[in-house]
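Below are the chains, spelled out letter by letter.
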Amino acid sequence: NQGKHNVTIYANDSANNLNYTTISFTVDIPNINITFPTSNNTFTNNANLTVNYTTSDSISAISSVWYSNDTYTTNKSLGSSPTFFNITNITWSEGQHNVTIYINNTPNLPGSNTISFTIDTVAPSPTLSCDLSSVNTGAIITCNCSATDATSGVQAISYTANPATNLTGTLSTSCTATDYAGNSATQNFAYSVSNLPEPVAPPSTGGGVVSGVVAPA
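Residues numbered from 1 in each chain as written. Predicted model: local features only at pLDDT ≥ 70, side-chain atom pairs only at ≥ 80, totals over all residues. Heavy atoms only, no water.

Asker: Talk me through the side chain of T173; I want residue IDs and the actual numbers.
Answerer: In this fold, T173 is placed in strand 15 (residues 169-179). Ignoring sequence-local partners within four residues, the contact set of T173 consists of L128, C130, C143, T160, P163, Q187, N188, F189 and Y191. (Helix = DSSP H or I, 4+ residues; strand = E, 2+ residues; numbered from the N terminus. Contact = heavy atoms within 4.5 Å.)

Asker: How would you explain the sheet that holds strand 9 (residues 95-105) if you had to name every residue and give the values?
Answerer: Two modes of strand pairing occur in sheets, parallel and antiparallel, and in both the strands are linked by backbone hydrogen bonds. The mixed open sheet is built from six strands, whose spatial order is 4-10-9-6-7-8. Each edge of the open sheet is held by one strand with a lone partner, namely strand 4 (42-44) and strand 8 (83-84). Alignment of strand 7 (residues 76-80) against strand 8, held across two bridges, turns out to be antiparallel. Bridging across to strand 8, S80 finds its partner in T83. (Pairing = 2+ DSSP bridges.)

Asker: Account for the side chain of N104, naming residues and giving values.
Answerer: Turning to its location among the elements, N104 is positioned in strand 9. In terms of polar contacts, N104 uses its side chain to reach the side chain of N108, at 2.8 Å. When neighbours within four sequence positions are excluded, N104 is seen to be in contact with I62, S63, S64, W66, L109 and P110. (Polar contact = N/O pair within 3.5 Å; in protein donor to acceptor, adjacent residues only side chain to side chain.)

Asker: I'd like a rundown of the nonpolar core, residues and numbers included.
Answerer: Within the largest apolar cluster, 18 residues are counted, with the highest numbers of intra-cluster contacts made by V51, I87, W92, V99, I101 and F117. Among the elements of the structure, strand 3 (31-36), strand 6 (62-69), strand 9 and strand 10 (110-119) are those that each provide at least two residues to this core. Residues I141, C143, C145 and C175 belong to the second largest nonpolar core, which totals 10 residues. (Core = buried A, V, L, I, M, F, W, Y, C linked by side-chain atoms within 4.5 Å. Buried < 20%, exposed > 50% of the residue type's maximum accessible area, 1.4 Å probe, protein only.)

Asker: Requested: an account of the sheet that holds strand 14 (residues 154-159), with residues and values cited.
Answerer: Ordered in space as 12-16-15-14, the four strands form an open sheet in which the pairing is mixed. With one partner strand each, in any of the chains shown, strand 12 (134-136) and strand 14 form the two edges of the open sheet. For this sheet, the mean inter-axis angle between neighbouring strands, taken without regard to orientation, is 30°. Where strand 14 lies against strand 15, five bridges are found, and the strand directions are antiparallel. Its bridge partner lying in strand 15, Y159 is registered against C175. (Axes fitted to C-alpha atoms, helices over the stretch in contact; angles between N-to-C directions.)

Asker: So what's going on with the state of the cysteines? Residues and values would help.
Answerer: Counted under the stated rule, the structure contains two disulfides. Between the sulfur atoms of C130 and its disulfide mate C143 the distance is 2.0 Å. Disulfide C130-C143: torsion about the S-S bond near 105°, hence right-handed. Linking C130 in strand 11 (residues 125-130) with C143 in strand 13 (residues 143-148), this pair joins segments that are 13 residues apart in sequence. Exposure remark for C130: the relative accessible area of 15% places this residue in the buried category. (Disulfide = S-S within 2.5 Å.)

Asker: So, a nonpolar patch on the surface: which residues are in play, and what are the values?
Answerer: A cluster of nonpolar side chains, contributed by V7, I9, I23 and F25, occupies part of the molecular surface with about 350 Å² of accessible area. Mapping I23 onto the fold places it in strand 2 (residues 18-27). (Patch = residues over 30% accessible without salt bridge, like charges linked within 9 Å, V, L, I, M, F, W, Y side chains within 5 Å. Areas by Shrake-Rupley, 256 points an atom, 1.4 Å probe, with all protein chains shown as cover. Salt bridge = Lys/Arg side-chain N within 4 Å of Asp/Glu carboxyl O.)

Asker: I'd like a description of the packing of aromatic side chains, backed by residues and values.
Answerer: Under the criterion given, the structure shown has four aromatic pairs. Summarising the aromatic geometry, the rings of Y10 and Y20 are spaced 5.5 Å apart at their centres and angled 45° between planes, so their arrangement reads as tilted. Linking Y10 in strand 1 (residues 3-12) with Y20 in strand 2, this pair joins segments that are 10 residues apart in sequence. In this structure Y10 comes out as exposed when scored by relative accessible area, which is 56%. (Phe/Tyr/Trp six-rings, centres within 6.5 Å; stacked < 30°, edge-to-face > 60°.)

Spatial relationships are all this shows, so hold off on functional conclusions.
The structure is reproduced here in structure tokens:
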């Protein structure tokens, strides 16, 4: 555990002679906690995402903080005691990012923590199709919608499977797709509804068959 520890090792021989030695040491592990994003492997449409953290050390003071990300070829300072900074003023590129924040305390003992997140600023692509585009009032139109999203995936699709046909004119129905980063896109489908009269039976031609006997004059 964190803190100072005293360990004594005893030994005795077959004649019951006793000897011992004592050693003292201190466990000092600096701690860093990434507070935002609040969880790992999240999706966001905020390309200017700020990474926040807190540090602590119950034994000694934090002396320096720095971070590296993605390729891990460059370390960037986040300050030295007593002034430290969060990771701000960065425009993250589209896709997944891995960020590791490192700390040292005054005895030069290290600590670190890593967070992963994905930037997705592109809305999904919905595809809405309906089987009819021109109907009479009261008819049934059947629609279907699907969507794709290359980065974070499609979280939800919302549309009306059978849009209303109780009104006449040019109407519209829509499908909205939302991805896991919070981006959304909508596609519309226009259809027309007419109030056609009921078909009328053709008029009767009249007449009929007359039978009988005609008396001679």
